[in-house]
Amino acid sequence: MALSLSAAASHSLCSTRVSLPPAAAVSSSSPVVAFSSSPHSLSSLRSVASSSLFLQSSSLIQRKNPNRGSSSFVIAAASDAAQLKSAKEDIKVLLRTKFCHPILVRLGWHDAGTYNKNIEDWPLRGGANGSLRFEPELKHAANAGLVNALKLIEPIKEKYANISYADLFQLASATAVEEAGGPEIPMKYGRVDVSAPEQCPEEGRLPDAGPPSPADHLREVFYRMGLNDKEIVALSGAHTLGRSRPDRSGWGKPETKYTKAGPGEPGGQSWTVKWLKFDNSYFKDIKEKRDEDLLVLPTDAALFEDPSFKNYAEKYAEDPAAFFRDYAEAHAKLSNLGAKFDPPEGIIIDNGPAQQQQGEKFVAAKYSTQKSFRIR
């Protein structure tokens with residue numbers, strides 16, 4: 001969940017509306033949110049935060065309570081299983097046309113990664129509760145650029161009124177991993193959304209990329225969430241996807257031979273050669289350290305320097321099946337952190353029968369041949 005897991009989607013992509021077929025059940029009263037074309041415009045965040053759409057997830061119905069005044073809300077149902085399945089198909093279309101896998105993974109991680117196991121009360125404990133849609137949390141330094149992810153999935157949220165933002169963020173994250181060739185994540189849904197910006201967690205709960213003591217920092221942050229060394233290393237392997245952009249995180253090169261042609265907006269520095277393909281290349285490339293055009297952050301290097309982390313990093317570099325297995329379990333655990341489920345046991349959606357693959361699962365992962373992708 002490091003802040004440097006950056007967007008593959010371009011600035012222009014994120015300001016483009018995505019046309020989707022109408023859903024069977026859509027609230028006709030759902031307003032349309034106008035986003036600024038500038039991905040870093042806080043004025044656009046303010047309009048988003050103040051809109052009734054972002055203050056109200058239709059699946060988390062807010063009603064004025066006459067006994068408490070206009071500032072209190074009543075929480076209703078969470079997500080609808082049928083709409084979750086349909087939304088997942090629309091997310092797949094989005095991924096195949098916009099190549100935004102990395103930023104959608106990051107969106108889910110950063111919403112969940114604020115969890116503090118030492119705080120019992122919801123939503124004070126943080127975690128996967130949809131709070132990342134509000135301006136105060138979007139302005140956290142670790143979330144730079146994530147307004148782009150919101151722009152990409154907002155048409156899907158408008159289409160499927162009965163899905164909470166918390167569920168949509170996690171559905172998009174898991175689907176992005178799977179569609180990039182990664183493991184199927186054993187997800188459950190039914191997360192309840194927070195209802196107001198005042199419920200956002202304070203800044204500082206997400207990891208830094210270059211702390212003075214990287215291994216200690218990783219443990220401090222992830223242990224607070226209830227995760228262990230194996231899960232820290234497995235989750236770090238998601239850096240096989242994406243690029244770091246110096247204008248967002250302060251890390252990486254403006255462009256490399258692997259990123260100058262996109263897809264999406266060109267530029268940034270990737271951790272792997274095929275940075276839209278989910279595999280164990282991240283561990284192999286860090287171990288070999290042969291390519292100056294591939295990024296290695298201090299927190300990445302720590303995985304092969306700390307004795308406990310190194311046991312798992314070495315294993316994943318040699319055994320992709322073990323990495324996939326452990327990653328899937330860790331991702332699912334992360335996605336549930338701090339969440340309040342309705343119903344309490346959650347909702348499982350059936351992915352249906354596996355389709356026979358024709359060649360590589362995610363064909364766009366071959367783009368490193370320098371072919372330029374033009375996305376209109």
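Residues numbered from 1 in each chain as written. Predicted model: local features only at pLDDT ≥ 70, side-chain atom pairs only at ≥ 80, totals over all residues. Heavy atoms only, no water.

Novice: I would appreciate a short explanation of the packing of helix α12 (residues 281-288) against helix α14 (residues 307-318) in the present structure.
Specialist: Each pair of packed helices gets described by two things: the angle between the helix axes and the distance between those axes. Relative orientation of the contacting elements α12 and α14 amounts to 110°, with a least axis distance of 8 Å. Classified by the angle between their axes, α12 and α14 sit roughly perpendicular to one another. Here α12 runs over α14; the crossing is left-handed. Between α12 and α14, the residues in contact are F283, K284 and K287 and A313, E314, Y316, A317 and E318, respectively. Of the residues belonging to the contact of α12 with α14, the class tally is four nonpolar, no polar and four charged. (Axes fitted to C-alpha atoms, helices over the stretch in contact; angles between N-to-C directions. Helix = DSSP H or I, 4+ residues; strand = E, 2+ residues; numbered from the N terminus. Parallel < 35°, antiparallel > 145°, perpendicular 65-115°, else oblique. Left-handed = near helix turned anticlockwise from the far one by under 90°. Contact = heavy atoms within 4.5 Å. Nonpolar A, V, L, I, M, F, W, Y, C, P; charged D, E, K, R; others polar.)

Novice: I would appreciate a short explanation of the packing of helix α5 (residues 101-112) against helix α8 (residues 165-179) in the present structure.
Specialist: Interaxial distance between α5 and α8 falls to 8 Å at its minimum, and their mutual angle equals 135°. For the element pair α5 / α8, the angle class is oblique. Considering the relative orientation of α5 and α8, their crossing is left-handed. Note on element contacts: α8 touches α5 through A166, F169, Q170, A172, S173, A176, V177 and E179, opposite H101, L104, V105, L107, G108, W109, D111 and A112.

Novice: Hey, could you run me through helix α7 (residues 147-159) in this one?
Specialist: Two residues of an α-helix separated by three or four positions point the same way, owing to the 3.6 residues in each turn. Given a rise of 1.5 Å per residue, 13 residues ought to cover 18 Å, and the 19 Å separating the end C-alpha atoms of α7 matches this to within 8%. At I153, α7 is deflected by roughly 45°, the largest bend along its length, and proline P155 occurs up to four residues later in sequence. A large share of α7 lies buried, amounting to 13 of its 13 residues. (Expected span 1.5 Å × (residues − 1). Bend = angle between axes of the 7 residues up to and from the residue. Buried < 20%, exposed > 50% of the residue type's maximum accessible area, 1.4 Å probe, protein only.)

Novice: In this structure, what is going on with helix α9 (residues 214-225)? I would like to understand it.
Specialist: Between the first and last C-alpha of α9 there are 17 Å, a value that for twelve residues agrees with the 16 Å anticipated at 1.5 Å per step. Where burial is concerned, most of α9 is hidden: nine out of the twelve residues are buried. Regarding α9, the residues found buried are P214, A215, H217, L218, R219, V221, F222, R224 and M225. On its buried face, α9 sits against α10 (229-236), α13 (298-301), α14 and α15 (320-336). Positive backbone phi, approximately 90°, marks G226, located one or two places after α9.

Novice: How should I be thinking about the pattern of salt bridges in this particular structure?
Specialist: When charged atoms on two side chains of opposite charge get close, those side chains can pair. Across all of its chains, the model carries 17 salt bridges by this definition. Between K92 and E89 there is a salt bridge, with its nearest N and O atoms 3.3 Å apart. Here E89 and K92 lie together in helix α4 (residues 81-98), a separation of three residues that amounts to about one turn. Take K92: its relative accessible area is 16%, and that puts it in the buried class. Its relative accessible area of 42% is what places E89 among the partly exposed residues. A salt bridge links D326 to R325; the shortest N-O distance between them is 3.8 Å. Exposure remark for R325: the relative accessible area of 44% places this residue in the partly exposed category. (Salt bridge = Lys/Arg side-chain N within 4 Å of Asp/Glu carboxyl O.)

Novice: Help me out: how do you make sense of the side chain of R205 in this one?
Specialist: Here R205 shows up in the loop between α8 and α9. Residue classification places R205 among the buried positions, given a relative accessible area of 6%. In terms of polar contacts, R205 uses its side chain to reach the backbone carbonyl oxygen of R125, at 3.2 Å. Once you skip the residues sitting within four places of it in the chain, R205 turns out to touch G113, T114, Y115, N116, I119, L124, R125, G126, V221 and R224. (Polar contact = N/O pair within 3.5 Å; in protein donor to acceptor, adjacent residues only side chain to side chain.)

Novice: Before we go on, may I ask you to explain unusual backbone geometry in this structure?
Specialist: Outside of glycine, negative phi angles account for most residues, and trans bonds account for most peptide bonds. In this model, W122 is joined to P123 through a cis peptide bond whose omega is 5°. Structurally, P123 is set in the loop between α5 and α6 (135-138). A cis amide bond links D342 with the next residue in sequence, P343, at an omega value of 5°. Looking at the element boundaries, P343 is found in the segment after α15. Of note in this structure, F99 is not a glycine but carries a positive phi near 55°.

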